[in-house]
Amino acid sequence: MDILNPTAVIGTNAWGGSLYGKAIRGSYVEDDIILDAMRVAKEEDIPLYDLARDYGLGKAQKMIGEFGTEDIFLSAKYTPFTHYKPGCVRKSLEKDLKDFKREYVDIYWLHLPTDVEEHLKEIIELYKEGKIRHIGVSNFTLEECKLSKRILDAAGIPLYGVQNHYSIICRDWEKNGLLAWCKENGILFWAWAVLEEGMLVDPRIKKKSPMKLTYRRKLKKLRKLYKIMIKVAERHEIKVPQVAISFCATKGVIPMCGCRKPYQVTDLAEAVKVRLTPGEMKRLEEVADEANVNIMGADIFRAFVRKKK
Ligand SMILES: NC(=O)c1ccc[n+]([C@@H]2O[C@H](COP(=O)([O-])OP(=O)(O)OC[C@H]3O[C@@H](n4cnc5c(N)ncnc54)[C@H](OP(=O)(O)O)[C@@H]3O)[C@@H](O)[C@H]2O)c1
């Protein structure tokens, strides 16, 4: 796998302990099954994992460190919930590396646009020390991405990517020009919640999960979209959730999916090879826009951004 041109990313937010699995995700998945999923990811050549300190209620990072991080790629983040304090990023990254039992991370993201200049300067120091191979930003607006690029350009370091919310029903970053800007500047766009936490899967397969309670009311509004997704899936001989993934791949966006089972990794790897037709893309977009589901998409994390002092 080429880290500068990955086809898909495995999200680890759904990994975790038994209580977290049952209470939040609806079921607990044993470590052995996750390890099998990781084996499949290697076979499918998508051994790239997205992590953050709070994923799986703080367990995901420790789990991957225990599983072994040789021959895989790691993406980790600094989440600035408070204003910048000198050394804060270094301290956090050191803890991450301890969890990972590794000397470096492949990609390191500034998770929120708080004190962008100060945080990025410290991230740049860590990059120069070899602890970070590539730098990205997450949940940033176009203006904030441009600022980040200027700061990194001045240090002679490319902005690797932007990691924001994007799916068939959440295309704000495309509509407001961020996606096009990334493409023009050779910056990767990683899409999180491509399956909308299980909202964009097959509605005919009934599954109970506490997560579902958060979006149950919205499912009715998506009926027409599901019909189109089922038709597109049949035409390409793929599954319904794979349509949501192929939609991103067709857009040139890198889909991240929360995978904890081997079949989910296989679905992801297969779906990124499928390209939907312009007619299918247009129909999916039209019906998604008609549904107008409010998913607190593009700006879900803005509430955590601290205003400049
Ligand atoms: N940068 C950020 O601020 C940010 C924010 C949120 C997420 N993320 C990243 O994005 C990743 C993806 O988000 P997510 O995990 O929250 O949600 P997601 O990928 O949209 O949805 C995960 C859900 O989809 C289901 N699923 C996965 N593959 C499937 C398949 N092939 N068929 C049917 N169902 C499937 C899982 O089912 P099971 O429950 O059965 O496993 C799980 O319930 C995260 O893990 C994280 O790495 C980043």
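Here the structure is shown first, and the text comes after it.
Scope of this entry: the structure provided in the associated data block.

The rules behind the values
Residues numbered from 1 in each chain as written. Predicted model: local features only at pLDDT ≥ 70, side-chain atom pairs only at ≥ 80, totals over all residues. Buried ≥ 20, exposed ≤ 12 C-beta atoms within 10 Å, placed from the backbone. Helix = DSSP H or I, 4+ residues; strand = E, 2+ residues; numbered from the N terminus. Pairing = 2+ DSSP bridges. Right-handed = clockwise from strand over helix to strand, strands pointing away.

A few words now on the pairing of strand 3 (residues 73–78). For strand 3, a buried count of 6 out of 6 residues is recorded, marking the element as mostly surrounded by other parts of the structure. A two-sided burial pattern is seen for strand 3, the buried positions comprising Phe73, Ser75 and Lys77 on one face and Leu74, Ala76 and Tyr78 on the other. In this sheet, strand 3 lies alongside strand 2 (residues 48–50) in parallel orientation, the contact comprising 3 bridges. For Asp50, the partnering residue across the bridge sits in strand 3 and is Ser75. Once the chain exits strand 3 it traverses helix 4 (residues 88–100) before rejoining the sheet at strand 4 (residues 105–110), and the crossover so formed is right-handed.

Within the chain, Asp71 stands out as a residue other than glycine whose phi angle is a positive 60°. Examined against the element boundaries, Asp71 turns out to sit in the loop between helix 3 (60–67) and strand 3. Note on Asp71: 7 C-beta atoms within 10 Å, which makes it exposed. If you check the backbone angles, Glu197 has positive phi at about 55° while not being a glycine. Relative to the helices and strands, Glu197 is located in the loop between strand 7 (188–192) and helix 9 (210–215).

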